[in-house]
Amino acid sequence: MRKSVLIVEDEPLLRLLAMDLVEEAGFIAIEASNADEAIAILETNSDIRILLTDIDMPGSMDGLKLAAAVRDRWPPIEIIVVSGMNNPQAHELPARGVFFAKPYDVQRLTQQLRCMAP
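Report on the accompanying structure. (Residues numbered from 1 in each chain as written. Predicted model: local features only at pLDDT ≥ 70, side-chain atom pairs only at ≥ 80, totals over all residues. Heavy atoms only, no water.)

### Considerations on helix H2 (residues 35–44)
As a reminder of what qualifies: Accessible area is worked out with a 1.4 Å probe on protein chains only. A residue is then buried under 20% of its type maximum, exposed over 50%, and partly exposed in between. Only DSSP runs of H or I covering at least 4 residues are called helices, and only runs of E covering at least 2 are called strands; the numbering of each starts at the N terminus. Arc definition: it is the arc formed by the directions from the helix axis to the C-beta atoms. Whether two residues are in contact is decided by their heavy atoms, any of which lying within 4.5 Å being enough.
Listing the buried residues of H2 in full gives Ala35, Ala38, Ile39, Ile41 and Leu42. For H2, the angular spread of buried residues about the axis comes to 165°, placing them on one side. Close packing links the buried residues of H2 with strand S1 (4–8), strand S2 (28–32), strand S3 (48–54) and helix H3 (63–73).

Below is the structure:
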């Protein structure tokens, strides 16, 4: 049974690229364009194993706040935070959260996904 990754990215092209990467790594890719959509998906889909979120997004919360909310409400979900503009400090990431700078190394990100949900 393939595991699901929720990709939260407001830029459609970057979201599509991330979805392709996730699917090529052997996962089911589920997309959201902002944190509010992501929370709604998480509330109805218990199959999600990993959250992959951009930091800079419009809406009620950015990716770091979304990551913190996911860690609080869905502790088993692994979290990958990405950004091309910010480089958060380790204390800004939720427990077990991992950061990748954009443009991310496809091989490293693929390896991280597979390590998080073997």
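So, next bit.
### Re a nonpolar patch on the surface
As a reminder of what qualifies: Only residues whose relative accessible area exceeds 30% and that take part in no salt bridge are eligible for patches, with like-charged residues grouped when within 9 Å of each other and nonpolar side chains (Val, Leu, Ile, Met, Phe, Trp, Tyr) grouped when within 5 Å. We get accessible surface area from the Shrake-Rupley algorithm with a probe of 1.4 Å; when it comes to residues, only the shown protein chains can shield them. Any carboxyl oxygen of Asp or Glu that lies within 4 Å of a side-chain nitrogen of Lys or Arg is treated as forming a salt bridge with it.
A grouping of Leu13, Leu14, Leu16 and Leu17 is seen on the molecular surface, where their side chains present a nonpolar patch of about 380 Å² in accessible area. Among the structural elements, Leu17 can be located in helix H1 (residues 12–24).

### Thoughts on helix H4 (residues 106–116)
Our working definition: Contacts described as polar in this section are N or O atom pairs within 3.5 Å, which, within protein, must combine one atom able to donate a hydrogen with one able to accept it, while residues neighboring in sequence count only if both atoms come from side chains.
Residues of H4 that are buried include every one of Leu109, Thr110, Leu113 and Met116, and no others. Each buried residue of H4 sits inside an arc of 130° when the element is viewed along its axis, so together they form one side. Residues Gln107, Arg108, Gln111 and Cys115 are exposed on H4 and point more than 90 degrees away from its buried face. At its buried positions, H4 is contacted by S1, H1, S3, strand S4 (78–83) and strand S5 (98–101). The backbone nitrogen of Gln107 lies 2.9 Å from a side-chain oxygen of the residue at the head of H4, namely Asp105.

### Let's talk about the pattern of salt bridges
Under the definition given, this model contains five salt bridges. Between Glu43 and Arg73 there is a salt bridge, with its nearest N and O atoms 2.9 Å apart. In this pair, Glu43 is assigned in helix H2 and Arg73 in helix H3, connecting sequence segments 30 residues apart. The class for Glu43 is partly exposed, based on a relative accessible area of 49%. Three or more residues joined by partner-sharing salt bridges are found here, namely Glu9, Asp54 and Lys102.

### Structural notes on the pairing of S1
Which entries qualify depends on this criterion: Strands are labelled as partners when DSSP assigns at least two bridges between them. If the strands point away from the viewer and the path from the first strand over the helix to the second runs clockwise, then the crossover is right-handed.
Burial analysis of S1 places five of its five residues in the buried class, which makes it a mostly covered element. Burial along S1 is two-sided: Ser4, Leu6 and Val8 facing one way and Val5 and Ile7 facing the other are all buried. Strand direction decides the pairing type here: S1 and S2, joined by five bridges, are parallel. Residue pairing across strands places Ile7 opposite Glu31, the latter belonging to S2. Taken together, S1, H1 and S2 constitute a β-α-β crossover, and its handedness is right-handed. Bridging between S1 and S3 involves five bridges; their strand directions are parallel. Bridge pairing links Ser4 to Ile48 in S3.

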